[in-house]
Amino acid sequence: MPKVLEVCVDSLESAVAALNGGADRLELCCSLIEGGLTPTPGLLIQIQNMNPRKVPVYCLLRCRPGHFVYTPEEIEIMKEDAKILRRSGANGFVFGALADNGDVDMKICREIIKICHPLPLTFHRAFDFVRRPTIEVEVIIDLGFERILTSGKQQTAQMGVKLIRKLIEQAGTRISLMPGGGINKDNVRFILENTEAEEIHGSFKKLKEQKGDKADEAEVKLSEENVPVFVTDEESVAEILNILKTVDL
């Protein structure tokens, strides 16, 4: 089977670049600089309008930055977001929730799955914060998630290949384990060869050139000055895809 490339995007510009580069699937969020938050329905609708290949677009459900232990009120926010994004054209969702002890919060996950059904769900990198990954992968399988996004409980997927491979061997065909975290053209082959993963996830971003305008001279600032803006690099996406086609496992 051909390898699948999922690209994480947080803007229309990045989504168009990922689609033009040949991405097989998008994870749509906003504010990647904060680790990603729930995207707006308007952004999703516009991306689907510019998606002639009908590439699946999975929407992140995460109402705030920070940890993955949610209050009942926060869960209600994400349930309502899921309903709206479903109506706006989402093809799937990305979600994860943990209990205070570091285990997967099965009750909350069931609530979200019920709202999203029958659309597929990815359990996101909250997995990298669980205490017992070999046990929690079984919990996530039983809950009915389609895949798990993970760096192998390391800062990058390259560093976590040992655990990722172990989990892939454990799970077999019951769920997809998708490496993500710091993946680029220089390490993607190493990661694939050392995990035998079928899917890869990344943002493949570049620094966006900022054009000066009159706003630069304004006395009032709406955000910190000189904050870098990153966008998906179409050429990097295409290059990663070409590497995926040449990996023979």
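Remember, it's a predicted structure, so these values are computed and weren't measured experimentally.

Okay, the pairing of strand S6 (residues 147-150) next. Each regular strand displays side chains that alternate between the two surfaces of the sheet. By the alternation rule, side chains of S6 split into Arg147 and Leu149 and Ile148 and Thr150, which are all buried. Two strands pair when backbone bridges link them, and strand S5 (residues 121-123) and S6 are joined in this way by two bridges, in the parallel orientation. Bridged to Thr122 within S6 is Arg147. Tracing the backbone out of S5, into helix H5 (residues 133-143) and back to the parallel element S6 gives a crossover that is right-handed. As paired elements, S6 and strand S7 (residues 176-179) share four bridges and run parallel to each other. When the bridges of S7 are listed, Thr150 appears paired with Pro179. The parallel pair S6 and S7, bridged by helix H6 (residues 161-171), forms a crossover whose chirality is right-handed.

This part covers the sheet that holds strand S8 (residues 199-202). Within a sheet, each strand pairs with its neighbour through backbone hydrogen bonds, oriented either parallel or antiparallel. Taken in spatial order, the eight strands make up an open sheet running S7-S6-S5-S4-S3-S2-S1-S8, and their pairing is parallel. Lying at the two open borders of the sheet, with one neighbouring strand each, are S7 and S8. When the angles between neighbouring strand axes are averaged without regard to direction, this sheet yields 25°. Along the sheet, helix H1 (residues 12-21) contacts strand S1 (4-9) and strand S2 (25-28); its crossing angle with S1, the most-contacted strand, is approximately 165°.

Turning our eyes to something else, we now look at the pattern of salt bridges. Counted by the stated rule, this structure contains 19 salt bridges. Among the charged side chains, a salt-bridge network with shared partners connects Glu6, Arg25, Glu146, Arg147 and Glu199.

To continue, consider helix H3 (residues 72-87). Here H3 contains 16 residues, and its C-alpha end-to-end distance of 23 Å stays within 8% of the 22 Å for a straight helix at 1.5 Å per residue. The complete set of buried residues in H3 reads Glu74, Ile75, Met78, Lys79, Ala82 and Leu85. The buried residues of H3 occupy an angular sector of 140° when projected down its axis, which confines them to one face. Seen from the buried face of H3, the exposed residues on the opposite side, beyond 90 degrees, are Pro72, Glu73 and Arg87. In this structure, the buried residues of H3 make contact with helix H2 (41-49), strand S3 (57-60), strand S4 (92-95) and helix H4 (106-116). Taken from the residues just after H3, Gly89 is the one with a positive phi, measuring 110°.

The tally for this structure, following the rule as stated, stands at three aromatic pairs. Ring centres of Phe68 and Phe129 lie 5.7 Å apart, and the angle between their planes is 50°; on these two criteria the pair is classed as tilted. Of this pair, Phe68 sits in the loop between S3 and H3 while Phe129 sits in the loop between S5 and H5; the two residues are 61 residues apart in sequence, bridging distant segments of the chain. Note on Tyr70 and Phe95: the rings are 6.4 Å apart at their centroids and 25° apart in plane angle, and the pair reads as stacked. One end of the pair, Tyr70, is in the loop between S3 and H3; the other, Phe95, is in strand S4, and 25 residues separate them in sequence.

Here we take up the environment of Gly21. Mapped onto the fold, Gly21 is located in helix H1. Sequence spacing of Gly21 and Glu235 is 214 residues, and the spatial spacing of their C-alpha atoms is 6.4 Å. Leave out the neighbours within four places in its chain, and Gly21 touches Glu234, Val237, Ala238 and Leu241.

Residue placement: Ser203 occurs in the loop between S8 and strand S9 (205-207). Not counting residues up to four positions away in its chain, the partners in contact with Ser203 are Val7, Cys8, Leu32 and Thr232.

Okay, H4 next. One turn of the α-helix equals 3.6 residues, which is why residues spaced by three or four share an orientation. For H4, every residue scored as buried is listed here: Ile108, Cys109, Ile112, Ile113, Ile115 and Cys116. Looking down the long axis of H4, one finds its buried residues gathered within 160° of arc, a one-sided arrangement. Opposite its buried face, H4 presents the exposed residues Lys107, Arg110 and Lys114, each directed more than 90 degrees away. Buried residues belonging to H4 abut H3, S4, S5 and H5. Of the residues that open H4, the one with a side-chain oxygen 3.3 Å from the backbone nitrogen of Lys107 is Asp105.

Tracing the chain through its elements places Ala17 in helix H1. For the pair Ala17 and Glu235, spaced 218 residues apart in the sequence, the C-alpha separation amounts to 8.4 Å.

Looking now at the packing of helix H7 (residues 188-195) against helix H8 (residues 234-246). Packed helix pairs are specified by the crossing angle of their axes together with the interaxial distance, meaning the distance between the axes. Packing of H7 against H8 leaves a shortest axis separation of 10 Å and a crossing angle of 35°. The handedness of the crossing between H7 and H8 is right-handed. Within the contact between the two elements, H7 uses Val188, Arg189 and Leu192 and H8 uses Ile240, Ile243, Leu244 and Thr246. In the contact of H7 with H8, the residues fall into five nonpolar, one polar and one charged.

Rules behind the numbers
Here, residues in each chain are numbered from 1, in the same order as that chain's written sequence. Note on the predicted model: pLDDT of at least 70 is required for a residue's local features to be given, and 80 or more for side-chain atom pairs to be given and counted; whole-chain, interface and lining totals, by contrast, use all residues. Just so you know, side-chain values use all the structure's heavy atoms and leave hydrogens and water out. Each residue's exposure class comes from its accessible area (1.4 Å probe, protein chains only) as a fraction of the maximum for that residue type: buried when under 20%, exposed when over 50%, partly exposed otherwise. Elements are defined by DSSP. Helices are runs of H or I of four residues or more, strands are runs of E of two residues or more, and each kind is numbered from the N terminus. Note on pairing: two strands pair once DSSP finds at least 2 bridges between them. When the strands point away from the viewer and the path from the first strand over the helix to the second turns clockwise, the crossover is right-handed. Fitted lines through C-alpha atoms give the axes, limited to the stretch in contact for helices. The angle between two N-to-C directions lies from 0 to 180 degrees. We call two residues in contact when some of their heavy atoms are within 4.5 Å. Salt bridge, as used here, is a side-chain nitrogen of Lys or Arg placed within 4 Å of a carboxyl oxygen of Asp or Glu. In this scheme, a helix's expected span is set at 1.5 Å multiplied by one less than its residue total. The arc in question is traced by the directions running from the helix axis to the C-beta atoms. Geometry of aromatic contacts follows a simple scheme: Phe, Tyr and Trp rings, the Trp one being its six-membered ring, pair when their centres are within 6.5 Å, and the pair is stacked under 30 degrees between planes, edge-to-face over 60, tilted otherwise. Here a polar contact means two N or O atoms within 3.5 Å. Within protein one must be a hydrogen donor candidate and the other an acceptor candidate, and residues neighboring in sequence count only if both atoms are side-chain atoms. The sense of a crossing depends on the near helix, which, turned anticlockwise from the far helix by less than a right angle, makes the crossing left-handed and, turned clockwise, makes it right-handed. In this classification, the charged set is Asp, Glu, Lys and Arg, the nonpolar set is Ala, Val, Leu, Ile, Met, Phe, Trp, Tyr, Cys and Pro, and all remaining amino acids, among them Gly, are polar.

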